[in-house]
Amino acid sequence: MRSQKTLKLRLFLYLCLAGASASACGSTEEGNSLSDARDSSAPCIDGQNFQCAVEAAIFRGVNTLRAQNGVASLIYDGRIGFVSRDWSRTMMSGAQPLSHNGFPSERNRVLQSRFSDYSDIMLRSENVAYFSGFTMDNAEQVASRLMNQWANSAGHRTNMLNPNWVIMGAGMTSDSTSVYGTQIFGTFANP
């Protein structure tokens, strides 16, 4: 069972990702700053500012879609976001094509090699997308383009609206003209 402090921190981080003001996200009730909260539940682990902004916008987009369809909101998990970004980088590098190859075993391997506290989550489904020929200067537009691809694909939409999923992470990477995005959805191992 999760501690009350852990649940408060996750709610705090969720509100920050959902678009709360920067001042509201600067500290928790207990006085922990967001930068001090860079543990497994932190919103963006080892990402660059633009990546973090796109990933947060994807998360907001998924929860907006879920709300429009009467499905409970998800909790963001920074560990899953890190693994999602790693898979986006792998696809962009050409080491793997745009695919779900190795899901979930390869994603679990990355999770276990980077985080000591991973046993509380289970990775359940994954969405990937790619586009090119677009100026990457606006995080909301990049996120919107990825979200539109996923929302307009029956299988990807089903993953985003699955009421059994309670946590997610999003990861993206880009070069000057191409974007790769990954969403991973999961559950808590011991709810």
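Higher on the page you've got the structure.
Predicted model, so just to flag it, every value in this text is computed and none were measured.

S.K.: Describe the pattern of salt bridges, naming the residues involved and giving the relevant values.
M.R.: Applying the stated rule across the entire model yields 7 salt bridges. Between Asp 77 and Arg 79 there is a salt bridge, with its nearest N and O atoms 2.7 Å apart. Owing to a relative accessible area of 1%, Arg 79 belongs among the buried residues under this scheme. Note that Glu 106 and Arg 109 form a salt bridge whose closest N and O atoms lie 2.9 Å from each other.

S.K.: Describe the sheet that holds strand E3 (residues 167-174), with residues and values.
M.R.: With mixed pairing, the 4 strands of this open sheet are ordered in space as E1-E3-E4-E2. With one partner strand each, in any of the chains shown, strand E1 (75-76) and strand E2 (121-132) form the two edges of the open sheet. Where E2 meets strand E4 (residues 178-188), 11 bridges bridge the pair, whose relative direction is antiparallel. Paired with Leu 123 across the two strands is Gly 186, which belongs to E4. Helix H3 (residues 78-93) contacts E1, E2, E3 and E4 of the sheet and is inclined by roughly 35° relative to E3. Helix H5 (residues 139-151) rests against E2, E3 and E4 of the sheet, and its axis sits at about 110° to E2.

S.K.: Talk me through helix H2 (residues 49-68); I want residue IDs and the actual numbers.
M.R.: With 20 residues, H2 should reach 28 Å at 1.5 Å per residue; the first-to-last C-alpha distance of 29 Å fits that figure. Of all the residues in H2, the buried ones are Gln 51, Cys 52, Val 54, Glu 55, Ala 56, Ala 57, Ile 58, Phe 59, Val 62, Asn 63, Leu 65 and Arg 66. Directly after H2, the chain includes Gly 70, whose backbone phi takes a positive value near 70°.

The rules behind each value
- Residues numbered from 1 in each chain as written.
- Predicted model: local features only at pLDDT ≥ 70, side-chain atom pairs only at ≥ 80, totals over all residues.
- Heavy atoms only, no water.
- Salt bridge = Lys/Arg side-chain N within 4 Å of Asp/Glu carboxyl O.
- Buried < 20%, exposed > 50% of the residue type's maximum accessible area, 1.4 Å probe, protein only.
- Pairing = 2+ DSSP bridges.
- Helix = DSSP H or I, 4+ residues; strand = E, 2+ residues; numbered from the N terminus.
- Contact = heavy atoms within 4.5 Å.
- Axes fitted to C-alpha atoms, helices over the stretch in contact; angles between N-to-C directions.
- Expected span 1.5 Å × (residues − 1).

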